[in-house]
Amino acid sequence: MTARHTAANDDRLPSGGTARAWKIGAGLAIGAAAAGLAYRRLSNDHGHPPQVAYPPLDTPKPVAEDVWIVDGAPIAPGGLTLPVRMTVVRLANGDLLLHSPIRYTPALARELEAIGPIRHLIAPNIAHWTFVKSWQAIYPEATTWGVPGLRDRRQVRTSGVRIDRDLQDAPEAAWADELEQGLVPGAAGFCEAYFFHKPSRTLLLVDLIENLQPEKLPPFTRMAMGAAAATRGTTARYLRVLIRWNGKDAAAKIRTVIALAPEQVIVAHGAIFDEGAAERLRHAFAWLLRPSR
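Since the structure is predicted, the reported quantities are computational estimates derived from the model, not experimental observations.

Q: How would you sum up the overall build of the protein? Please name residues and give values.
A: Across its full length, the protein carries 10 helices and 11 strands. By the burial criterion, 53% of the 293 residues in the protein qualify as buried. On the protein, roughly 13,200 Å² of surface is accessible, and the fraction owed to carbon and sulfur atoms is 54%.

Q: Can you break down the pairing of strand β1 (residues 61-64) residue by residue, with the values?
A: Bridge count between β1 and strand β2 (residues 67-75): 3 bridges; the pairing is antiparallel. Within β2, the residue paired with Pro62 across the bridge is Trp68. Following β1, the chain reverses through 2 residues before pairing antiparallel with β2; Asp66 in that reversal takes a positive phi of roughly 70°.

Q: Can you tell me about the pairing of strand β4 (residues 96-99), naming the residues and giving the values?
A: Going residue by residue along β4, you find Leu96 and Leu98 tucked away on one face and Leu97 and His99 tucked away on the opposite face as well. The hairpin turn running from strand β3 (residues 82-90) into β4, its antiparallel successor, is 5 residues long, and Gly94 in that turn takes a positive phi close to 95°. Examined bridge by bridge, β4 and strand β5 (residues 118-123) share 4 bridges and lie parallel to one another. Paired with Leu96 across the two strands is Ile118, which belongs to β5. Remark: the β4/helix α3 (residues 106-115)/β5 crossover connection has right-handed handedness.

Q: I'd love a proper account of the sheet that holds β1, names of residues and values included.
A: Pairing within the open sheet is mixed, and its 7 strands lie in the order β1-β2-β3-β4-β5-β6-β7. Looking at the sheet topology across the chains shown, the edges are occupied by β1 and β7 (165-166). Lying over the sheet, α3 contacts β2, β3, β4 and β5, oriented at roughly 25° with respect to β3.

Q: Give a description of the confidence of the model for the protein that names residues and reports values.
A: Looking at the protein, the pLDDT average stands at 86 and 82% of residues meet or exceed 70. Segment residues 1-45: pLDDT under 50, and 55 contacts once partners within four positions in sequence are set aside and those in other chains are kept.

Q: Help me get a handle on the sheet that holds strand β11 (residues 264-266), residues and values and all.
A: Across the sheet, which stays open at both edges, the 4 strands sit in the order β8-β9-β10-β11 with mixed pairing between neighbours. Bordering the open sheet on either side are β8 (179-185) and β11, each of which pairs with just one other strand. Within the sheet, the average angular offset between the axes of one strand and its neighbour, ignoring direction, is 20°. The sheet strands contacting helix α8 (residues 247-259) are β8, β9 (191-197) and β10 (202-204), and the helix crosses β8 at an angle near 155°.

About the cut-offs
Residues numbered from 1 in each chain as written. Predicted model: local features only at pLDDT ≥ 70, side-chain atom pairs only at ≥ 80, totals over all residues. Heavy atoms only, no water. Helix = DSSP H or I, 4+ residues; strand = E, 2+ residues; numbered from the N terminus. Buried < 20%, exposed > 50% of the residue type's maximum accessible area, 1.4 Å probe, protein only. Areas by Shrake-Rupley, 256 points an atom, 1.4 Å probe, with all protein chains shown as cover. Pairing = 2+ DSSP bridges. Right-handed = clockwise from strand over helix to strand, strands pointing away. Contact = heavy atoms within 4.5 Å. Axes fitted to C-alpha atoms, helices over the stretch in contact; angles between N-to-C directions. pLDDT = per-residue confidence, 0-100.

Structure (structure tokens):
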């Protein structure tokens, strides 16, 4: 990747050690993407095998009182084929919060409107914002929340996505009685907001944990994501690089998350933790919290 390419296509990069961390993480991601594209040309493994996703798709499925998941059609970042999921929370006043919106469809919108009015669109990290614009077009009065720095990223600015409010490292007034909230920092602008629905003891994450099921993935995606540990219910190795850079702050925040002792953990990619969630959460972040020797 040349300096000109980086300046033209990516956001402003931090300098010094953080830039090195960004390059390592980006290199891993770009390498996986290039390999994925090459493999797809050779293997005829393109398209979205139906087993990748979690049907029924594009329809709300209740997982707790006032909490639904909506599984979408597989996405294909960098040639990989991955399932993706949105979580919907109904607040005490009846308003709906869409956490990590998936693709908009009129049928899905009608089903959600039957549950409550759509008032909040949440982009919980620097990757989970790409479907927001289509929801904004239909629900312009909904408030769009994004992690700090998301609004300044080149891709976001050029896409026309509107970020109304930055998420804070504390619950927002609109949902403070029902949701805990915090930010897990990383290098190169990475940040993920977590949410904890107190009434149901449900933790909402997107990429901090990936729990892809190998048997549901096409061959190259299975190989690449297995190598990245994204099939093990933990943090993918390419993301660990960025989180370790802010290791002390990130570890402190992850300890806060674990202390919530959730009864289920919803992730954006793969199977949710619906049994033994608190213990599985501790195991998922052992790579960060394990005492150094």
